[in-house]
Amino acid sequence: MEKGKFIVFEGIDGAGKSTQVELLRKKLTQLGREVVLTAEPTSLESGKAIRRALSGEVKKTESEMAAMFVLDRIAHNNAEGGIKELCESGKDVISDRYYYSTLAYQGQSTDYGWVKAMNTRCPDIKRPDLCIYLDLLPEQSLARIQKRGEAVEIYENKEKLTSVRNAFLSVIDDLGADGERIAAVDASRTPEEISEEIFKAVKEILFD
Ligand code: TYD
């Protein structure tokens, strides 16, 4: 049986990842493919612990955060119904965030080389078939976050979003140079325009 594809969406908070994940799911389903949506932090125990730290309820150092995201990612890959099992059974998996986020967020606040090695050299962390990076200016993303009216998390202020965006741009360059397949998409346009561009990149990997 043909394996499913593993696609991840990345970008700063408010870049429009959930909208685009949903639009891609529809398009792949229309092609007759089975698609499963997933996200990090996960809803597993390891992901719940991260949520408590993100809300500020529990205090963790940035190194602890980096390690917690790696632990959650290993569980995400290997749990029952996890990424590996789903792809093996022929389903496409779309994840809202993956290790590019850890490299961008924790890579700059700890040691980039250490964070990169933990993620890319771990035998239990699958490499995506495609990463879609949604690029948006921090001003625009902050406006979207405020419009949603949700509680603001520890990484959601303009200064932080600016440094995370810069970090994402260098992560994309670095991993791109390592041969990872990454599509950087301008996320300031309409959802339909963005989705069309994403689908072009996805079609290229479907028939590999
Ligand atoms: P997410 O649930 O995507 O936030 P939102 O739905 O508000 O966009 O992710 C929660 C936060 O966790 C987000 O600020 C990014 C951060 N994060 C990291 O710092 N490192 C990581 O490895 C991941 C996956 C997320």
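Only a predicted model underlies this, so the values are computations on that prediction, with no experimental measurement involved.

Novice: Explain the packing of helix α2 (residues 45-54) against helix α3 (residues 62-78) here, please?
Specialist: For any two helices packed against each other, the geometry is given by the interaxial angle and the distance between the axes. Running from amino to carboxyl end, α2 crosses α3 at an angle of 150°, the nearest separation of the two axes being 8 Å. Accordingly, the angle class assigned to the pair α2 and α3 is roughly antiparallel. Between α2 and α3 the crossing geometry is left-handed. Here S46, G47, A49, I50, A53 and L54 of α2 come into contact with α3, specifically with M65, M68, F69, L71, D72 and A75. Residues belonging to the contact of α2 with α3 are distributed by class as follows: nine nonpolar, two polar and one charged.

Novice: Would you take a moment to explain the sheet that holds strand β1 (residues 6-10) for this structure?
Specialist: Strand pairs in the sheet, formed through backbone hydrogen bonds, run parallel or antiparallel to each other. Taken in spatial order, the five strands line up as β2-β3-β1-β4-β5 in an open sheet, and their pairing is parallel. Sheet topology places β2 (35-39) and β5 (182-186) at the edges, where each strand pairs with a single neighbour. Going across the sheet, the axis of each strand differs from the next one's by a mean of 20°, ignoring polarity. Relative to strand β4 (residues 130-135), β1 runs parallel, the two sharing four bridges.

Novice: Would you explain the pattern of salt bridges in this entry?
Specialist: Opposite charge on two side chains permits pairing when their charged atoms draw close. The tally for this structure, following the rule as stated, stands at 15 salt bridges. Between D13 and R97 there is a salt bridge, with the nearest N and O atoms lying 3.0 Å from each other. Taken together, the residues D13 in the loop between β1 and α1 (17-30) and R97 in the loop between β3 (92-96) and α5 (99-109) connect sequence positions 84 residues apart. Here K27 and E196 are joined by a salt bridge, their closest N and O atoms 3.4 Å apart. Taken together, the residues K27 in helix α1 and E196 in helix α9 (residues 191-206) connect sequence positions 169 residues apart.

Novice: Where do I start with the side chain of K5 in this structure?
Specialist: Within the secondary structure, K5 sits in the segment before β1. For K5, which is buried and forms no salt bridge, the nearest opposite charge comes from D129, at a distance of 4.9 Å. At a separation of 3.3 Å, a polar atom in the side chain of K5 contacts the main-chain carbonyl oxygen of I205. If sequence neighbours within four positions are ignored, K5 has contacts with R33, C87, K91, D92, V93, D129, I205, L206 and D208.

Novice: Explain the pairing of β4 to me, please; I cannot follow it from the model alone.
Specialist: For a regular strand, the rule is simple: side chains alternate between the two faces of the sheet. Among the six residues that make up β4, six are buried, leaving the element largely enclosed by the rest of the structure. Alternating positions in β4 separate into two faces, L130, I132 and L134 on one and C131, Y133 and D135 on the other, with burial throughout. Across five bridges, β4 lies against β5 in parallel orientation. Looking across to β5, one finds that L134 is bridged to V185.

Novice: What should I look at first to understand α5 in this one?
Specialist: Three- or four-residue spacings in an α-helix give side chains the same orientation, since the helix completes a turn every 3.6 residues. Here α5 lies mainly inside the structure; nine of its eleven residues are buried. Close packing links the buried residues of α5 with β1, α3, α6 (112-120), β4, α8 (158-177) and β5.

Novice: Whenever I open this one, the side chain of S46 confuses me. Can you help?
Specialist: Relative to the assigned elements, S46 resides in helix α2. Residue S46 is classed as buried on the basis of its relative accessible area, which comes to 17%. In this structure S46 touches L71, D72 and A75, once residues within four positions along its chain are discounted.

Novice: Looking at this model, I keep getting lost on the site of the ligand. Mind explaining?
Specialist: Close to the ligand lie 15 residues, the nearest being D13, R51, R97, T102 and Q106. Between the ligand and the protein, one listed contact pairs an oxygen atom with a side-chain N or O atom of R51 at 3.0 Å. At a separation of 2.6 Å, an oxygen atom of the ligand approaches a polar side-chain atom of R97. Alone, the ligand offers 550 Å² of accessible surface; in the complex the protein occludes 90% of this. Only α2, α3 and α5 provide two or more residues apiece to the shell around the ligand. A total of four residues in the shell around the ligand trace back to one element, the largest contributor, which is α5. Per-class residue counts for the shell around the ligand are five nonpolar, three polar and seven charged.

Reading guide: rules and limits
Residues numbered from 1 in each chain as written. Predicted model: local features only at pLDDT ≥ 70, side-chain atom pairs only at ≥ 80, totals over all residues. Heavy atoms only, no water. Axes fitted to C-alpha atoms, helices over the stretch in contact; angles between N-to-C directions. Helix = DSSP H or I, 4+ residues; strand = E, 2+ residues; numbered from the N terminus. Parallel < 35°, antiparallel > 145°, perpendicular 65-115°, else oblique. Left-handed = near helix turned anticlockwise from the far one by under 90°. Contact = heavy atoms within 4.5 Å. Nonpolar A, V, L, I, M, F, W, Y, C, P; charged D, E, K, R; others polar. Pairing = 2+ DSSP bridges. Salt bridge = Lys/Arg side-chain N within 4 Å of Asp/Glu carboxyl O. Buried < 20%, exposed > 50% of the residue type's maximum accessible area, 1.4 Å probe, protein only. Lys, Arg positive; Asp, Glu negative; His and termini not counted. Polar contact = N/O pair within 3.5 Å; in protein donor to acceptor, adjacent residues only side chain to side chain. Near = heavy atom within 4 Å. Areas by Shrake-Rupley, 256 points an atom, 1.4 Å probe, with all protein chains shown as cover.

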